[in-house]
Amino acid sequence: MELAAIMKDKLNAGDNVVALHEGVLLQGWSPKAHRLLALVERNSSFGLFVFTTSRNPPQAFTDLTINFVVPIDNDFKCDIDSLSAESNSDIYINLSARNFKLFMGMDSGHETNNFFNELSRSMELYLKNQETLDFQWLKKYNTNDLDLELSLMMNINGDNTQNNIITANMAVSENDIPFPTGTHTLSSRESVIQRQMILSEEQYTNAQNFSIYIGTWNVNGQPTMSSLNDWLICDSEPPDIYAIGFQELDLSKEAFLFNDSPREEEWLQAVTKSLNSKGNYRKVSLVRLVGMMLIVFVKNKHMDHVKNVATDTVGTGIMGKLGNKGGVAVRMDFHNTSFCFVNTHLAAHVEEYERRNQDYHNICSRMIFSNFTPPKTVKDHNQVYWFGDLNYRITEMDAISVKDLVRKNNFKTVLEADQLKQQHRAGNVFKGYKEGSINFLPTYKYDPGTNDWDSSEKNRAPAWCDRILWRGNSIKQLAYRSHPNLLISDHKPVSALFESEVKVVDLTKYRKIHEHIMKKLDKAENEYLPQVMVDNTEIIFHKVKFMEPQLKELTVANTGQVPVQFEFIKKLDDSTYCKEWLRIEPFTSFIDPGEKCDITLEVLIDKKSAYKMISGQDKLYDILVLHLEGGKDIFITVTGNYERSCFGCSLETLCYLKVPIKNIPFGKLMELENNKSNFTSDPYPVPKEVWYLVDHLYRHGLKQEHLFEQSGLRSEFIQIRNWLDNGTPDALPGSVHSVAEALLILLDSTSEPIIPYNLHATCLSAVSYYSQCKQIISQLPERSKNVFLYLCAFLQELLNHVNDNKLDVKTIASVFGEIFIRDPPRSRSDKSSHTRTSMSRKKTNFVYHFLVNDQSDLIIGTSF
């Protein structure tokens, strides 16, 4: 009997076999095994069936067992790898979908080509007809075979599985059932059990829907309202989860400079009183950075299922520190689904969409929940809700035209010019995120207290600055709206209601599957040992430059028969597994048989390591130890050459450099930094690099708003650094904001701050008396005193133009206080939040004296 006829008997009536092919399974717990693939069609929709056979070739349909059925839809992918010398097959095939991953080998030839041509055709047909296709017919096939899932190492969690596996831990619940908690590194055996439980998750969890309310409002520093019901109670049924985000909660200098605000408690109470009274809520977490605040509430009855709550904040102001812009986030596990809520306030001004894009990417890369091993980022969650004042505006359209179209409810035309829509379509930001249809008026800018558009001199065009986006499967948006009746701010609050599908554990099924996995593991442990192949054990970085990250990839492939957990471990007497200038992602992971893991090695020479490189205390060299749980260690060498830069040099050295630093031999530079070289020429009073930057700001930036408050562009900083290091007759590149940030970074990167560490305590104790502060400055080393007085003179001139630049003396004193009296490395983590705030105030007060008082008596006799 022909195979096609046998297959037809196995399938339901009306399901047609389009193509058949045999392959060899290259993963799993058992030795390599044959599998039969069938492409099946019904009503123009296609499914891929995976069979095992009790006899080869099969003689009857009873010889066939269906392992998996996968729809050929948007989640389905088919990748053909290159030829491998280690396999008897000519090609490797990676087949994957949302809940499925299969790695197979196949013979090359005409039949294989025909099979994959048909598979490609089915994928193309799906793209053309996806709106009308129905895959319900596939659900008739029951494929809940746990043994087979174990052997195939099915990827339940998609692209994030490897991250989720290793970050999870086993904790004991009240019923002695292990659940993921994510707090400690696992042993090899526990890791495998955890891995298999995650891969089998769909068999012991049931999908339940929960409602999630997301709210965002830029309150423009206004005091609280008596009621927020119009915003927070706009649905008949109380949501299961509230996530409420604010921006510009407090615009005071206290909040901006010291992150201290009474508004936090005031708005918390206002929100708590205005939650839907039909629900009984408990606060999960509150996190605030300056004016950005995020509060998450969950119904009290659900709190037992909320685990692993963590928060983080990212400031994207000048030098990536100030929290006037940036983001705050709360993450948690709810039942067996991980959530991350991110509230952000991105860069302002119509033309600054690139800076908004940069803020988004900075938040993505720097938002890290570090109390997990390895740390989690925003993307490492099943569901992410990102909201806030994203500040994207309307371009290519004047304010009058926007208002006219909005008045006619012609939102579609205006949204074509919306920067967020444009940047999202171009793939520049929020890749993988979705946003619901906008059918409400722009949320900015209004005259406070009214629903009238901005009537100020700037006459800003209305824009949808306040947005809510999400990413993840099984999320349905039920509502997306603004709340125009709340009038206190120049923004309108926005909210969205979601129906979220959450995985809830069935304890009986969990116990059964856990027991079965334990038995399978006992058998597998006795048969196989971990084996991997590393594609390169010598990583070389060429021409590494200051603050310019460089990436290399290392591939670790599992060539054995069992899952492998690897981890980079510390060498004897070392405190960390790699040097401070090196970042490894992931530093630990889990690899299935036949799978591989691409590891990214990033070298970044920042202010912490630049001086060590220049002075010869460190070099681009490290030996990494890649440890296999239950197996051997592999040694990997990392080398490179660092291109010297003025960033990271001491002030003393810079004053002696009469030519660009690239023209100074490295040995001579080391001698200078170690005080072992005698220059015959007299030093400059201040480093020429400092003079270039200050002179540029003096000529072009005195009237620039937000100078030393708004960050520059990273690309422009690179251009400025190269200009300073290489020397060129061309004009200094970059915007004044980028030049200002480059000046701060240069001063922040010196081996010692302008006021040496040994004088910090004296400075902070003298802040109440200007005369004592002057005495300290008069005793500074000559070059440090020159730079301090030179910069203060420039800042005084800058503050003479406050009517134009809108700068505030306290703000400037705060920014430069952290530069002049810089904390020693790693000292901030040793101090409490209260102590850090107190020290910041004292630093600000110290510098404040020199910005508001005459310094002529100090300058007299100084060699400028």
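One numbering rule holds for all chains: residues counted from 1, following each sequence as written. Two thresholds apply to this predicted model, a pLDDT of at least 70 for residue-level local features and 80 or more for giving and counting side-chain atom pairs, whereas whole-chain, interface and lining totals are computed over all residues. The side-chain numbers reported here are obtained from all heavy atoms of the structure, hydrogens and water having been left aside.

A.B. asks: Explanation requested: unusual backbone geometry in the structure shown.
C.D. replies: Residues apart from glycine generally show negative phi values, whereas peptide bonds are mostly found in trans. A cis amide bond, omega 5°, links Tyr-444 with the succeeding residue Lys-445. Structurally, Lys-445 can be placed in the loop between α13 (419–425) and β20 (466–471). In this chain, Glu-585 is followed by Pro-586 through a cis amide linkage whose omega measures -5°. The helix and strand labels rest on DSSP assignments: H or I over at least four residues marks a helix, E over at least two residues marks a strand, and numbering proceeds from the N terminus. Relative to the assigned elements, Pro-586 resides in the loop between β27 (582–585) and β28 (588–591).

A.B. asks: Explanation requested: the pairing of strand β19 (residues 383–389) in the structure shown.
C.D. replies: Both faces of the sheet carry side chains from a regular strand, because those side chains alternate between them. When accessible area is computed with a 1.4 Å probe and restricted to protein chains, residues below 20% of their type maximum are described as buried, those above 50% as exposed, and intermediate ones as partly exposed. Taking burial as the measure, the 7 residues of β19 include 7 buried ones, the bulk of the element. Pairing between strands is defined by DSSP: at least two bridges between them are needed. In terms of strand pairing, strand β16 (residues 337–345) meets β19 through 7 bridges, oriented parallel. Within β19, the residue paired with His-345 across the bridge is Asp-389. With 6 bridges connecting them, β19 and β20 associate as antiparallel partners.

A.B. asks: In this structure, what is going on with the sheet that holds strand β15 (residues 326–334)? I would like to understand it.
C.D. replies: Two pairing modes exist for strands in a sheet, parallel and antiparallel, and in both the strands are linked by backbone hydrogen bonds. Read from one edge of the open sheet, 5 strands run β14-β15-β16-β19-β20, paired in mixed fashion. In this open sheet, the two edge strands, each paired with only one partner strand, are β14 (306–315) and β20. Each adjacent strand pair in this sheet contributes to an overall mean axis angle of 10°, direction not counted. The angle between two axes is taken between their N-to-C directions and runs from 0 to 180 degrees, where each axis is a line fitted to C-alpha atoms and a helix contributes only its stretch in contact.

A.B. asks: Would you explain the sheet that holds strand β24 (residues 538–544) in this entry?
C.D. replies: As summarised here, the arrangement of the 5 strands in space is β24-β31-β30-β26-β28, forming an open sheet in which the pairing is mixed. A single partner strand is all that each edge strand has here, and the edge strands are β24 and β28. The average angle at which neighbouring strand axes cross in this sheet is 20°, direction not considered. As paired strands, strand β30 (residues 621–628) and strand β31 (residues 633–642) are joined by 7 bridges and run antiparallel to one another. Directly across from Leu-626, in β31, lies its bridge partner Ile-634.

A.B. asks: So what exactly am I meant to see when it comes to the pattern of salt bridges here?
C.D. replies: Opposite charge on two side chains lets them pair, provided their charged atoms get close. Salt bridge criterion: a side-chain nitrogen from Lys or Arg within 4 Å of a carboxyl oxygen from Asp or Glu. One pass over the structure, following the stated rule, counts 32 salt bridges. A salt bridge links Glu-515 to Lys-519; the shortest N-O distance between them is 3.6 Å. Of this pair, Glu-515 and Lys-519 both sit in helix α14 (residues 507–525), 4 residues apart, which is roughly one turn of that helix. Its salt-bridge partner being Glu-782, residue Arg-783 comes within 3.6 Å of it at the nearest N-O pair. For Arg-783, a relative accessible area of 13% gives the class buried. Three or more residues joined by partner-sharing salt bridges are found here, namely Asp-418, Lys-421, Glu-435 and Arg-467.

A.B. asks: I keep staring at helix α15 (residues 607–615) and nothing clicks. Help me out?
C.D. replies: Turn by turn, an α-helix covers 3.6 residues, leaving residues three or four places apart pointing in a common direction. Those residues of α15 lying buried are Ser-609, Ala-610, Tyr-611, Met-613, Ile-614 and Ser-615. Contact definition: two residues touch when any of their heavy atoms are within 4.5 Å. For α15, the elements touching its buried residues are β31 and α17 (666–673). The backbone nitrogen of Lys-608 lies 3.0 Å from a side-chain oxygen of the residue at the head of α15, namely Asp-606. Just past α15, the residue Gly-616 takes up positive phi, approximately 85°. Polar contacts, as used here, are pairs of N or O atoms within 3.5 Å; protein pairs need one atom able to donate a hydrogen and one able to accept it. Residues neighboring in sequence count only if both atoms are side-chain atoms.

A.B. asks: Even after reading the chapter, I still don't get the packing of aromatic side chains, so can you show me in this structure?
C.D. replies: The way to describe two aromatic rings as a pair is by their centre distance and the angle between their planes. In this analysis, rings of Phe, Tyr and Trp, with Trp reduced to its six-membered ring, are considered paired at centre separations within 6.5 Å, and the interplanar angle assigns stacked below 30 degrees, edge-to-face beyond 60, and tilted for intermediate values. With the rule as written, the count across this model stands at 40 aromatic pairs. The interplanar angle of 75° and the centroid separation of 4.9 Å between the aromatic rings of Phe-210 and Phe-334 together place this pair among those described as edge-to-face. Placement of the pair is Phe-210 in strand β10 (residues 205–218) and Phe-334 in strand β15, with a sequence separation of 124 residues. Ring geometry for Trp-691 and Tyr-692: centres 5.8 Å apart, planes at 65°, overall edge-to-face. Taking the relative accessible area as the measure of exposure, Trp-691 reaches 41% and is therefore partly exposed.

A.B. asks: Any chance you could explain the pairing of strand β3 (residues 45–53) here in plain terms?
C.D. replies: Burial analysis of β3 places 8 of its 9 residues in the buried class, the great majority of the element. As defined by bridge partners, β3 adjoins strand β4 (residues 64–71) across 7 bridges and the pair is classed as antiparallel. Its bridge partner being in β4, Gly-47 is matched across the sheet by Pro-71.

A.B. asks: Just to check I follow, could you spell out the nonpolar core for this structure?
C.D. replies: Nonpolar core, defined: a set of buried Ala, Val, Leu, Ile, Met, Phe, Trp, Tyr and Cys residues in which side-chain atoms within 4.5 Å join the residues together. With 106 residues, the main nonpolar core has Phe-568, Leu-601, Phe-708, Phe-788, Phe-816, Phe-820 and Phe-846 as its most contacted residues. When residues of this core are assigned to their parent elements, the largest contribution, 10 residues, is made by helix α23 (residues 782–799). Grouped together as the second largest cluster of nonpolar side chains are 49 residues, Ala-255, Leu-294, Trp-453 and Val-494 included.

A.B. asks: Looking at this structure, I do not really get the side chain of His-381. What am I missing?
C.D. replies: With respect to the secondary-structure elements, His-381 resides in the loop between β18 (376–377) and β19. For His-381, the side chain forms a polar contact with the main-chain oxygen of Thr-377, separated by 3.1 Å.

A.B. asks: Would you take a moment to explain the environment of Leu-420 for this structure?
C.D. replies: Of note, Leu-420 is situated in helix α13. Leu-420 sits 47 residues away from Arg-467 along the chain, and the two C-alpha atoms are 9.5 Å apart. Aside from chain neighbours lying at most four places away, what touches Leu-420 is Leu-390, Tyr-392, Val-429, Phe-430, Glu-435, Arg-467 and Leu-469.

A.B. asks: Hey, could you run me through the environment of Ile-745 in this one?
C.D. replies: Its location among the elements puts Ile-745 in helix α20 (residues 736–748). C-alpha separation for the pair Ile-745 and Ile-318, spaced 427 residues apart in sequence, amounts to 9.7 Å.

A.B. asks: Honestly, the confidence of the model for the protein in this entry has me stumped. Any pointers?
C.D. replies: When pLDDT is low, close inspection of the predicted coordinates is not appropriate. Scored by pLDDT, the protein has a mean of 86; 89% of the residues are at 70 or more. Low pLDDT (under 50) marks residues 82–89, which in the prediction has 12 contacts with non-local residues, meaning those over four places away or in another chain. This stretch, residues 144–187, has a pLDDT under 50; its non-local contacts, to residues over four places away or in other chains, come to 150 contacts. Confidence scores here are pLDDT values: one per residue, from the predictor, ranging 0 to 100.

A.B. asks: Sorry if this is basic, but what is going on with the packing of α23 against helix α25 (residues 809–820) here?
C.D. replies: Packed helices, taken two at a time, are described by the angle their axes make and the gap between the axes. In the contact formed by α23 and α25, the axes pass within 11 Å of each other and the chain directions differ by 160°. Taken together, the axes of α23 and α25 lie roughly antiparallel to each other. Note that α23 runs across α25; the crossing there is right-handed. Side by side, α23 and α25 meet where Phe-788, Leu-791, Cys-792, Leu-795 and Leu-799 of the first sit next to Val-809, Ile-812, Phe-816 and Phe-820 of the second. For classification purposes, angles smaller than 35 degrees are called roughly parallel, those larger than 145 roughly antiparallel, those between 65 and 115 roughly perpendicular, and all remaining angles oblique. Should the near helix be turned anticlockwise from the far one by less than a right angle, the crossing is left-handed, and should it be turned clockwise, the crossing is right-handed.

A.B. asks: Would you explain the packing of helix α18 (residues 688–700) against helix α19 (residues 714–726) in this entry?
C.D. replies: Look at α18 against α19: their axes get within 10 Å of each other, and the N-to-C directions meet at 135°. In this view, α18 runs oblique relative to α19, as classed from their interaxial angle. Considering only the axes of α18 and α19, their crossing is right-handed. In this structure, α18 uses Glu-689, Tyr-692 and Leu-693 to contact α19, whose residues at the interface are Ile-720, Trp-723 and Leu-724. A per-class count over the contact of α18 with α19 returns 5 nonpolar, no polar and 1 charged. As a working rule, the residues Ala, Val, Leu, Ile, Met, Phe, Trp, Tyr, Cys and Pro are called nonpolar, Asp, Glu, Lys and Arg charged, and the rest polar, with Gly in that last group.

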